[in-house]
Amino acid sequence: MAFKFLGGHVALDFINTVGGRTHTSANRYSVDRERLENLADWASEAGIRSRRSSTTLDRAITFREALYRLFKAVIEQRRPDPKDSELLNRELAEARTHEKLAFVNGVPSFTWDDRDAPELPLWIIARAAAELLTSPDIARVRACGGESCGWLFLDTSRNRSRQWCDMADCGNIAKVRRFRMKDQSAR
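Residues numbered from 1 in each chain as written. Predicted model: local features only at pLDDT ≥ 70, side-chain atom pairs only at ≥ 80, totals over all residues. Heavy atoms only, no water.

> Please explain the side chain of Arg64 as it appears in this structure.
Residue position: Arg64 is located in helix α3 (residues 57–75). According to the relative accessible area criterion, Arg64 is buried, its value standing at 0%. A distance of 3.1 Å separates the side chain of Arg64 from the side chain of Thr17, its partner in a polar contact. Not counting the four nearest positions on each side in its chain, Arg64 is found in contact with Phe14, Ile15, Thr17, Val18, Arg21, Val31, Glu34 and Leu36. (Helix = DSSP H or I, 4+ residues; strand = E, 2+ residues; numbered from the N terminus. Buried < 20%, exposed > 50% of the residue type's maximum accessible area, 1.4 Å probe, protein only. Polar contact = N/O pair within 3.5 Å; in protein donor to acceptor, adjacent residues only side chain to side chain. Contact = heavy atoms within 4.5 Å.)

> Quick question: what am I supposed to make of the confidence of the model for the chain here?
Segments scoring low in pLDDT should not have their predicted coordinates read at a detailed level. Of all residues in the chain, 88% attain a pLDDT of 70 or more, and the chain-wide mean is 88. Within the chain, helix α1 (residues 10–15) carries the highest mean pLDDT (97), whereas helix α6 (residues 167–186) carries the lowest (61). (pLDDT = per-residue confidence, 0-100.)

> Explain the packing of aromatic side chains here, please?
Any two aromatic rings considered together are summarised by their centre-to-centre distance and by the angle between their planes. Scanning the model with the defined rule gives 5 aromatic pairs in all. Arranged with centres 6.4 Å apart and planes meeting at 40 degrees, the rings of Phe14 and Phe63 form a pair that is tilted. Of this pair, Phe14 sits in helix α1 while Phe63 sits in helix α3, and the two are 49 residues apart along the sequence. Grouping residues by exposure puts Phe14 and Phe63 together as buried. Here a set of aromatic residues connected by ring pairs shows up, and it is made of Phe5, Phe14, Trp42 and Phe63. (Phe/Tyr/Trp six-rings, centres within 6.5 Å; stacked < 30°, edge-to-face > 60°.)

Given below as structure tokens:
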């Protein structure tokens, strides 16, 4: 399965492993189509080393949805559900126990002590999500304006006015919809 990586950040691309989200009320939504059938497949396409394990999929989906709700709350400038924050903190704490400081060519960096663990993608995502949530770039995180998309992305446009996860998909659909509505009202 080919995944789309339009979020501009690994945590947002992970959150976007659904076919779309339909919002039923302010804080409630349903996933239109699950695309994350195997964490290792997504990780491989994202450039993250991983091995297959059926035990991590449910955990990955639960974590993904908690991250979506956290980022969505930040975008909407409301307080996130403490359960979602706690889940991120648990994943982050576990990730930190597998990190170690290494010196490669005299340069210090963090590496993972268990690079073959099936949970490695979750550790990388937890660290990346926490870093994004606490960075100035959090102000650039947006939700796609597509009617049933719900994907998140990092708006890197110069004037911070990007509305769509991808102009070729959601942006084009919205333009066609506006054109048809305008055409119908002119009749």
